[in-house]
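Observations on chain architecture
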Amino acid sequence: MTKNSVYIWGLIPDGVEKVRKIKQWEPLKIKQKNVEGNPIKIRAGAHWYAFLTDKGNVYTWGEGKGYRTGNGSIVETGVPQKIKFPNSALIEDICIGHWHGLALSTTGQLFGWGKLFDAKEPIPLTIPCKVKKMACGLQTAAILSDVNELYVLGSNEMMQLGLPSPVKVKSWKKVNVSNKLIAHVAFGAKFAFAITLSGEVFGWGKNDGGELGRLHKGQCVLPRQIYVNMEDPAVSVSCSVGERYCHASISTLSGKCYTIGSGYKHKLGHGDSESITSPRVIDFFVKQNLQVLRPINGGIHSSCLCSDGALYTFGCGSDGRLGHKEGSNYVYLYKETEPRAIESLGKCVMDADFSYYAGCAITSKNYRPPPLHRSSSSQ
């Protein structure tokens, strides 16, 4: 069987045991030394990465500060290392934040590690429900239950948990999103979005750039609906990971992508740097007859996985974060004002993710994009 390929680019580890950061303008293929199974899902944190294999194993690499890589050490590594779970648990899903990680086992056990959980290695977490999905932010974590209820924990200094008190939450608390059932949730550094089963969009937390809409200036303490002029229901959302110039990207059932918030460095994909407080469709994908399967935001750049199997990036390209080799020729700011496919990845990108400074992806020669039309509850 052909092995899936793992790539990283941007400001990344240079691939040796005692790492330094290098600017990688084009995707760099990672050596999968002693990797058990085929990589199927990949995530990016703050200068660290994790991927999950079809054998239920999790591999991490990058900065170890705060024990974010979950291998019991703060030593940095440029080589993916398998992390150990209690009772040799097999994992079916992963999610990572800036300094911490979550993993869900095939038996429904949730594990956490890193700064948020004060754990050097994965530890079992007490959970209030059967977990269906997970999400992580700067110092936050969230789970969706099998009955589509949202639970959160972590920092709430900017009201990013959707709870009324700005204190750290150490155990899972249920969030009331206007008594709605939740299909999808995403966390940025200081704000969050949720999509209901019927495709409505809600947001809360910091709103400095208009990322929560024009009706909610400053902090939005509790979840409020963001009224959007979309032709069909929302199914997926991504929040920018930076603490400034925040924005969000929303995809719909028909594959259109809308962006809202700060347009800093052209990251909204509309050909300019204008900030907007009402979601606007990205015309590029409509004109190219491309459907967006999943939007993925970095900090000052954005990306979309599309129906042709390619990964499109736009916004600020400094340090190589967009994955285009032309950026190395720029003395100052390199940017893409509209979405552009990362050519070297081809049209076989099965998963991808971004941190503030870098990106990562898994490609497969056998990959075919999934059918577009699906209910929002399936995301």
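Above this text is the structure in question.
Predicted model only: the values in this text are computed from it and were never measured.

Taken as a whole and judged by the stated rule, the model has 17 salt bridges. As a salt-bridge pair, Glu63 and Arg68 come within 3.4 Å of each other at their nearest N and O atoms. The residues Glu63 and Arg68 share a single accessibility class, namely buried. Close ionic contact of Glu149 with Lys174 constitutes a salt bridge, the shortest N to O distance being 2.9 Å. Within this pair, whereas Glu149 is found in the loop between strand E12 (140-145) and strand E13 (150-154), its partner Lys174 is found in strand E14 (residues 169-175), the two being separated by 25 residues in sequence. The exposure class of Glu149 is partly exposed, given its relative accessible area of 24%. One salt-bridge network, in which partners are shared between bridges, spans Glu326, Glu336, Arg340 and Glu343.

Another aspect to go through is unusual backbone geometry. Phi is positive for Asn34, which is not a glycine, with a value near 60°. Examined against the element boundaries, Asn34 turns out to sit in the loop between strand E2 (21-29) and strand E3 (39-44). The phi angle at Asn289 is positive, at roughly 55°, despite the residue not being glycine. Inspection of the secondary structure puts Asn289 in the loop between helix H1 (283-287) and strand E23 (292-297).

Quick look at the sheet that holds strand E21 (residues 257-261) now. Judged by pairing direction, the sheet is antiparallel, and its 4 strands sit side by side in the order E19-E20-E21-E22 without closing on themselves. A single partner strand is all that each edge strand has here, and the edge strands are strand E19 (234-239) and strand E22 (276-281). Taken pair by pair, the neighbouring strands of this sheet meet at an average axis angle of 20°, ignoring direction. As paired elements, strand E20 (residues 247-252) and E21 share 5 bridges and run antiparallel to each other. Counterpart to Ala248 in the pairing with E21 is Ile260.

With that settled, the discussion passes to the pairing of strand E16 (residues 191-196). With 6 of 6 residues buried, E16 is to be regarded as a mostly interior element. The side-chain alternation of E16 yields two buried faces, one formed by Phe191, Phe193 and Ile195 and the other by Ala192, Ala194 and Thr196. Examined bridge by bridge, strand E15 (residues 182-187) and E16 share 5 bridges and lie antiparallel to one another. Within E16, the residue paired with Val185 across the bridge is Ala194. Count of turn residues in the E15/E16 antiparallel hairpin: 3 residues. In terms of strand pairing, E16 meets strand E17 (residues 201-205) through 5 bridges, oriented antiparallel. Counted as the bridge partner of Ala194 is Phe202 from E17. Count of turn residues in the E16/E17 antiparallel hairpin: 4 residues, of which Gly199 carries a positive phi of about 90°.

Time to look at the pairing of strand E5 (residues 58-62). The buried count for E5 comes to 5 of 5 residues, which makes it a mostly enclosed element. Here E5 shows a buried face lined by Val58, Thr60 and Gly62 and a second buried face lined by Tyr59 and Trp61. In terms of strand pairing, strand E4 (residues 48-53) meets E5 through 5 bridges, oriented antiparallel. Bridge pairing links Ala50 to Thr60 in E5. Where E4 folds back on E5, the antiparallel hairpin that results is connected by 4 residues, among which Gly56 adopts a positive phi of roughly 85°. Note that E5 and strand E6 (residues 77-82) share 3 bridges and pair antiparallel. When the sheet's bridge partners are listed, Gly62 is paired in E6 with Thr77.

Thresholds, definitions, all that
- Each chain carries its own residue numbering, running from 1 in the direction its sequence is written.
- Note on the predicted model: pLDDT of at least 70 is required for a residue's local features to be given, and 80 or more for side-chain atom pairs to be given and counted; whole-chain, interface and lining totals, by contrast, use all residues.
- Side-chain descriptors were evaluated using all non-hydrogen atoms of the structure, hydrogens and water having been removed beforehand.
- Whenever a carboxyl oxygen of Asp or Glu lies within 4 Å of a side-chain nitrogen of Lys or Arg, that contact is scored as a salt bridge.
- Relative accessibility under 20% of the residue-type maximum defines a buried residue, over 50% an exposed one, and the middle range a partly exposed one, all with a 1.4 Å probe and only protein chains included.
- Secondary structure elements are taken from DSSP: a helix is a run of H or I of four residues or more, a strand is a run of E of two residues or more, and numbering for both begins at the N terminus.
- Only strands joined by at least two bridges in the DSSP assignment are considered to pair.
- Note on definitions: angles span 0 to 180 degrees between N-to-C directions of axes, and those axes are lines fitted to C-alpha atoms, for helices only across the stretch in contact.

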